[in-house]
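Observations on the three-dimensional arrangement
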Amino acid sequence: MYFIPFIGSLSLAAITLMEKLVLKTKRIKIKNLHIFAFLSSVLVMLPIIYFFWKVDYSALEPINIFIFSLVIISSLFANLLAFYSLKGEKITNIEPARMFEPLFVVLLAIIFSFFFSLYERNLNVIIPALIASGALVFSHIKKHHLYLNKYFIAAIAGSLLFAIELVLSRLILGFYNPLTFYFLRCSAIFLISAVILKPSLKEIKTKTRFEIFLIGFLWVVFRLTVYYGYLHVGVIFTTLILLLAPVLIYLFAWRFFKEELDWKNILAAMIILGCVAYVVLS
């Protein structure tokens, strides 16, 4: 099962590049990309959800319904905060705030491990995960980021809510098939977001619709690998492996977008690779 999070890393890197490509080269509003990517994810899963449908009776207990509601609410507000920050600020200026998400996931998983046995407490995994997450954040911080504005704060809050959603999801994932869980989550978020943000499909060209559909497909692949990783190898271990995605993004951005890498990017990549190698090979 160790290879599953690696697939997630590749998917996340591809998602980031695809979203950047669509936002950079297409005249499309971020809210339309956000909502129709969710719709695409639902449509990708719709033909096969019947064959993978699984909801354990325990999922219907009041406490588990409450946790699932918290997952939906956390994800909804996280996406809205991300949308707000992306709309008001340049992507490069809020990217450091987005990099806090894996660090938040690791820290929350450590806290939850004192109350639930579902979260690992192996220091051989926790310490490398903290080091790699910290290196990732450090590589994106610049002097002008020390002056926080409302968009940067919104992006940090969004990262924290995404982390809360992921850590809470582990509490109830065992009552669902991961595909069922993600299908229900995406369907709820799409419907609520569509009502709030009121998207317009007419503004999206046919070719762009295909690209957004591909983004939705990649999100399905990514989240399923995350959920399977959480179930079989643990939250912190999965998060550590997913930190390979920024390394791949650095490489692809240098190769395809001709973006220069500074010393902090290279150092962070080396630290992340070292931490992952240590945990996998130890």
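Scroll up to find the structure.
1. Details of the packing of helix 6 (residues 100–113) against helix 11 (residues 235–242)
- Packing of helix 6 against helix 11 brings their axes to within 9 Å, and their N-to-C directions diverge by 165 degrees. The pairing of helix 6 with helix 11 is recorded here as roughly antiparallel in orientation. Of the two possible hands of crossing, helix 6 and helix 11 adopt the one that is left-handed. Counting all contacts with helix 6, which are made through Pro102, Val105, Val106, Ala109 and Ile110, the residues of helix 11 involved are Val235, Ile236 and Thr239.
- Among the residues making up the contact of helix 6 with helix 11, the classes are represented as seven nonpolar, one polar and no charged.

2. Re the environment of leucine 243
- Examined against the element boundaries, leucine 243 turns out to sit in the loop between helix 11 and helix 12 (244–256).
- A C-alpha to C-alpha distance of 8.5 Å links leucine 243 and valine 276, two positions 33 residues apart in sequence.
- Contact partners of leucine 243, with chain neighbours within four places excluded, come to Pro102, Ala129, Ala132, Ser133, Leu136 and Ile272.

3. Remarks on the pattern of salt bridges
- Following the criterion strictly, the structure yields two salt bridges and no others.
- Measuring nitrogen to oxygen at the nearest pair gives 2.7 Å for the salt bridge that ties glutamate 165 to arginine 185. Of this pair, glutamate 165 sits in helix 8 (residues 150–172) while arginine 185 sits in helix 9 (residues 178–197); the two residues are 20 residues apart in sequence, bridging distant segments of the chain.
- Residue glutamate 165 is classed as buried on the basis of its relative accessible area of 0%.
- For glutamate 165, the salt bridge identified is with arginine 223, shortest N-O distance 3.0 Å. Remark: arginine 223 occurs in helix 10 (residues 206–232) and glutamate 165 occurs in helix 8; sequence separation between them is 58 residues.

4. Structural notes on the environment of valine 137
- When you line up the elements, valine 137 lands in helix 7 (residues 123–140).
- Sequence separation between valine 137 and arginine 98 is 39 residues, and the spatial gap between their C-alpha atoms is 8.8 Å.
- Once you skip the residues sitting within four places of it in the chain, valine 137 turns out to touch Met99, Phe100 and Leu103.

5. Points about a nonpolar patch on the surface
- Residues Trp53, Val55, Tyr57, Leu60 and Ile65 make up a contiguous nonpolar surface patch of about 570 Å² in total accessible area.
- Given the relative accessible area of 47%, tryptophan 53 is considered partly exposed.

6. Here we look at the packing of aromatic side chains
- Within this structure, the stated rule accounts for 12 aromatic pairs.
- On the numbers, 5.6 Å between centres and 75 degrees between planes, the contact of tryptophan 219 with phenylalanine 222 is edge-to-face. With tryptophan 219 and phenylalanine 222 both in helix 10 and three residues apart, the pair spans about one turn of that helix.
- Taken together, the aromatic side chains of Phe68, Tyr176, Phe181, Tyr182 and Tyr227 make up a single cluster linked through ring pairs.
- Directly above the ring of phenylalanine 114 sits arginine 121, whose terminal nitrogen or CZ lies 4.0 Å from the centroid.

7. Observations regarding the nonpolar core
- Grouped together as the largest cluster of nonpolar side chains are 79 residues, with contacts concentrated most on Phe181, Ile236, Leu240 and Ile272.
- A per-element tally of this core places helix 10 first, with nine residues.
- With near-sequence residues (within four places) excluded, isoleucine 272 lies in contact with Ala132, Leu136, Leu243, Leu244 and Val247.
- Counting residues in hydrophobic clusters, the runner-up holds five residues, among them Leu86, Ile94, Phe152 and Ala155.

Reading the values: the criteria
- Residues numbered from 1 in each chain as written.
- Predicted model: local features only at pLDDT ≥ 70, side-chain atom pairs only at ≥ 80, totals over all residues.
- Heavy atoms only, no water.
- Axes fitted to C-alpha atoms, helices over the stretch in contact; angles between N-to-C directions.
- Helix = DSSP H or I, 4+ residues; strand = E, 2+ residues; numbered from the N terminus.
- Parallel < 35°, antiparallel > 145°, perpendicular 65-115°, else oblique.
- Left-handed = near helix turned anticlockwise from the far one by under 90°.
- Contact = heavy atoms within 4.5 Å.
- Nonpolar A, V, L, I, M, F, W, Y, C, P; charged D, E, K, R; others polar.
- Salt bridge = Lys/Arg side-chain N within 4 Å of Asp/Glu carboxyl O.
- Buried < 20%, exposed > 50% of the residue type's maximum accessible area, 1.4 Å probe, protein only.
- Patch = residues over 30% accessible without salt bridge, like charges linked within 9 Å, V, L, I, M, F, W, Y side chains within 5 Å.
- Areas by Shrake-Rupley, 256 points an atom, 1.4 Å probe, with all protein chains shown as cover.
- Phe/Tyr/Trp six-rings, centres within 6.5 Å; stacked < 30°, edge-to-face > 60°.
- Lys NZ or Arg CZ within 6 Å of the ring centre and 35° of its normal.
- Core = buried A, V, L, I, M, F, W, Y, C linked by side-chain atoms within 4.5 Å.

Purely spatial values, then, with no claim about function.
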